[in-house]
Amino acid sequence: GAGYVGGLAGKSSTITNSYSEGNVVGTKTYVGGLAGYVSGNVLKSFSKGIVSGDSSYVGGILGYVYGRIDSSYHVGGDVIGAGYVGGLVGYVSSSISSSYSEGNVVGIKTYVGGLAGYGRDISKSYVKGSVRSDSNFVGGVVGYDSDGPIDSCYHIGGGVSGADYVGGLAGK
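Residues numbered from 1 in each chain as written. Predicted model: local features only at pLDDT ≥ 70, side-chain atom pairs only at ≥ 80, totals over all residues. Heavy atoms only, no water.

**Q** It is not clear to me how the sheet that holds strand 7 (residues 35-38) should be interpreted in this structure. Could you clarify?
**A** Note: strands within a sheet are paired through backbone hydrogen bonds, in either parallel or antiparallel orientation. Strands sit in the order 2-7-12-17-22-27 across an open sheet of six strands; the sheet is parallel. What marks the edges here is a single partner per strand, and that holds for strand 2 (9-12) and strand 27 (142-145). Direction aside, the axes of adjacent strands within the sheet are offset by 5 degrees on average. Pairing geometry for strand 22 (residues 116-119) and strand 27, over three bridges, is parallel. Note on strand 27: the bridge partner recorded for G119 is D145. (Pairing = 2+ DSSP bridges. Helix = DSSP H or I, 4+ residues; strand = E, 2+ residues; numbered from the N terminus. Axes fitted to C-alpha atoms, helices over the stretch in contact; angles between N-to-C directions.)

**Q** Help me understand the environment of R68 in this model?
**A** Within the element layout of this structure, R68 appears in the loop between strand 12 (62-65) and strand 13 (69-70). Beyond its immediate stretch of four places on either side in the chain, R68 contacts G40, N41, V42, L43, S94 and S95. (Contact = heavy atoms within 4.5 Å.)

**Q** Would you take a moment to explain unusual backbone geometry for this structure?
**A** As a rule of thumb, non-glycine residues mostly have phi less than zero, and peptide bonds are mostly trans rather than cis. In this structure, Y84 is a non-glycine residue whose phi angle is positive, near 50 degrees. A positive phi is found at D121, a non-glycine position, where the angle reads about 50 degrees. Relative to the elements of secondary structure, D121 occurs in the loop between strand 22 and strand 23 (122-123). Of the residues examined, D121 reaches a relative accessible area of 30% and is grouped as partly exposed. (Buried < 20%, exposed > 50% of the residue type's maximum accessible area, 1.4 Å probe, protein only.)

Next comes the structure, spelled out in C-alpha cells:
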C-alpha cells in the first residue's frame, strides 16, 4: 500500500489483544505491522514479519501512536524506513512499558531506535538486534527521548551506528 498501512488497519482508535503475521510494505508515511496510525492506546498486541516503508513513521507494530503502548512486541523480521523508525513504533507521544522488539532496525534519516524512533517514558522493555541510520539521533532503545525516564530497559544483540547523537540506549 501507500500511506497509512498496517497488517490489521491503516488507522485505528485503539488496539487490544490483537496480532498480525506477515510482511507489511508501504510507500508513504505511517506504516506499521499492526497499524500505520493509532489515536489511542495499544495493549497486549504483537506483529510478526518484516515491516518496510519508503518514508517516515515506520514501526514494527505501529508507525505513529498518540496513546501508550503496553505489553506488546514485534518479532520475526527487520524494520526498515526513512526517519522516525522504530523496532516497535516510529513515534509514540505517551509511554511504552513491558514491551520488546527483536530484529534489526534500519533508517536513513533522523530518529531511529531499536524500540522507538521518537518517544518518552519507556520502562521494562528491551531490544534485540542492530540499529543503524545514516543520520542523527540513533539509539539502541530510542532515537530521541523527548521527555521522561528510561527505566529498566536494555539493548542486546547488535551494534548501534549513526552520524551524530548515537547511544546504546538513547541518541538523546
